[in-house]
Amino acid sequence: LSVHQTHSPDVVVATGPWQGASRPLADAIVTRSEGLAIGVTAADWDGAYNSAKTVADRSAGLIRQDLIAQSNAAAQRASNLAGINSVVLMLGLLLGITIAVLLARRIANNLGAVARAAERLGDGDLTQRAEVRSSDEIGALSKAFNSMAERLQALVKQSSGGAQGISTATAE
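Residue numbers here run from 1 along each chain, matching the order of that chain's written sequence. Residue-level local features of this predicted model are given only where pLDDT is at least 70; pairs of side-chain atoms are given and counted only at 80 or more, and the full residue set underlies all totals for whole chains, interfaces and linings. Only heavy atoms go into the side-chain values, all of them from the structure, while hydrogens and water stay out.

Engineer: Is there a simple way to explain helix 2 (residues 42-122) in this structure?
Structural biologist: Its 81 residues give helix 2 an end-to-end C-alpha distance of 116 Å, which sits within 8% of 120 Å, the value for a rise of 1.5 Å per residue. Burial classes: relative accessible area under 20% of the type maximum marks a residue as buried, over 50% as exposed, and values in between as partly exposed (1.4 Å probe, protein chains only). Note on conventions: DSSP H or I runs of at least 4 residues are helices, E runs of at least 2 residues are strands, and numbering of each starts at the N terminus. Looking only at helix 2, the buried set comprises Asp 44, Gly 47, Ala 48, Ser 51, Gly 61, Asn 110, Gly 112, Ala 113, Val 114, Ala 117 and Leu 121. Backbone geometry just after helix 2 places Gly 124 at a positive phi near 110°. Expected span of a helix, by definition, is 1.5 Å for each gap between consecutive residues, and there is one gap fewer than residues.

Here it is as structure tokens:
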């Protein structure tokens, strides 16, 4: 219930829900003259108060329900976002592990190729070369190993040729 003064000082307009409000109180408020006391009974005042309190309580209840619904919706959105973040985190972790495993496998394979070639070279097979096609440190190690193997093979060939020349010269 709301009361508004009009342009005329003797007229006051009351608007709002009249449910349960005392009609004599409403009539007294609307027709009162300036400076005159409102003549209503206590029961009429109580009825009007209780009616206004009921409307206020109903409004507060609706507002409370709306706030609870908004809070629940926000909590659900936060829960959904947490789930999405967890999935993205797990996928990122899985991708990182996959990349680490692939890199480790590549490094191990390249180092294994150099180690096998060095072992065969050590066994006397001077034709062994490390077959590594990478431009990282292991690729540089492979190139250095292959260069060393070529020089060693050339040196042994040269030494063998020189020894055969001496042997041929001595035989004549």
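After that view, the rundown keeps rolling.
Engineer: Where do I start with the nonpolar core in this structure?
Structural biologist: Counting 10 residues, the largest nonpolar core is built from Ala 113, Val 114, Ala 117, Leu 121, Leu 126, Ala 130, Val 132, Ile 138, Phe 145 and Ala 149. Those elements that place two or more of their residues in this core are helix 2 and helix 3 (137-171). Contact definition: two residues touch when any of their heavy atoms are within 4.5 Å. Non-local contacts of Leu 121, meaning those with residues more than four positions away in its chain, are made with Leu 126, Gln 128, Phe 145, Met 148, Ala 149 and Leu 152. Here the nonpolar core consists of buried residues drawn from Ala, Val, Leu, Ile, Met, Phe, Trp, Tyr and Cys, with membership extended through side-chain atoms lying within 4.5 Å.

Engineer: How should I be thinking about the pattern of salt bridges in this particular structure?
Structural biologist: Pairs may arise between side chains of opposite charge once their charged atoms sit close together. Here a salt bridge means any side-chain nitrogen of Lys or Arg lying within 4 Å of a carboxyl oxygen belonging to Asp or Glu. Scanning the model with the defined rule gives 2 salt bridges in all. Note that Lys 53 and Asp 57 form a salt bridge whose closest N and O atoms lie 2.9 Å from each other. Remark: Asp 57 and Lys 53 occur in helix 2; sequence separation between them is 4 residues, near one turn of the helix. The exposure class assigned to Asp 57 is partly exposed, which follows from its relative accessible area of 45%. Ionic pairing is found between Glu 150 and Arg 129, a salt bridge with its closest N-O pair at 4.0 Å. Note that Glu 150 is positioned in helix 3 and Arg 129 in the loop between helix 2 and helix 3, a separation of 21 residues in sequence.

Engineer: Is there a simple way to explain the environment of Glu 131 in this structure?
Structural biologist: Structurally, Glu 131 is set in the loop between helix 2 and helix 3. Distance in space between the C-alpha atoms of Glu 131 and Asn 110 is 8.1 Å, their sequence separation being 21 residues.

Engineer: Would you take a moment to explain a nonpolar patch on the surface for this structure?
Structural biologist: Where nonpolar side chains cluster on the molecular surface, the patch consists of Leu 95, Ile 99, Leu 103, Ile 107, Leu 111 and Leu 141 and spans about 530 Å² of accessible area. Sort the elements by how many residues they give to the nonpolar patch and helix 2 lands first, with 5 residues. Positionally, Ile 107 belongs in helix 2. Within the patch definition used here, like charges are joined within 9 Å and nonpolar side chains (Val, Leu, Ile, Met, Phe, Trp, Tyr) within 5 Å, considering only residues with over 30% relative accessible area and no salt bridge. Methods summary: accessible areas were calculated by the Shrake-Rupley approach with a probe of 1.4 Å, and residue burial reflects only the protein chains presented.

Engineer: Just checking my understanding: could you explain the environment of Asp 125 for this structure?
Structural biologist: Along the polypeptide, Asp 125 turns up in the loop between helix 2 and helix 3. Overall, Asp 125 belongs to the partly exposed group, its relative accessible area being 30%. In this structure the C-alpha to C-alpha distance between Asp 125 and Gln 153, which are 28 residues apart in sequence, comes to 9.2 Å. Identification of polar contacts relies on pairs of N or O atoms within 3.5 Å, with a donor-acceptor requirement for protein atoms, meaning one able to donate a hydrogen and the other able to accept it, and with residues adjacent in sequence counted only if both atoms are side-chain atoms. At a separation of 2.9 Å, a polar atom in the side chain of Asp 125 contacts the side chain of Gln 128.

Engineer: Can you walk me through the side chain of Gln 128 in this structure?
Structural biologist: Structurally, Gln 128 is set in the loop between helix 2 and helix 3. Take Gln 128: its relative accessible area is 15%, and that puts it in the buried class. A polar atom in the side chain of Gln 128 sits 3.4 Å from the side chain of Arg 120. In contact with Gln 128, other than residues within four places in its own chain, are Ala 117, Arg 120, Leu 121, Phe 145 and Ala 149.

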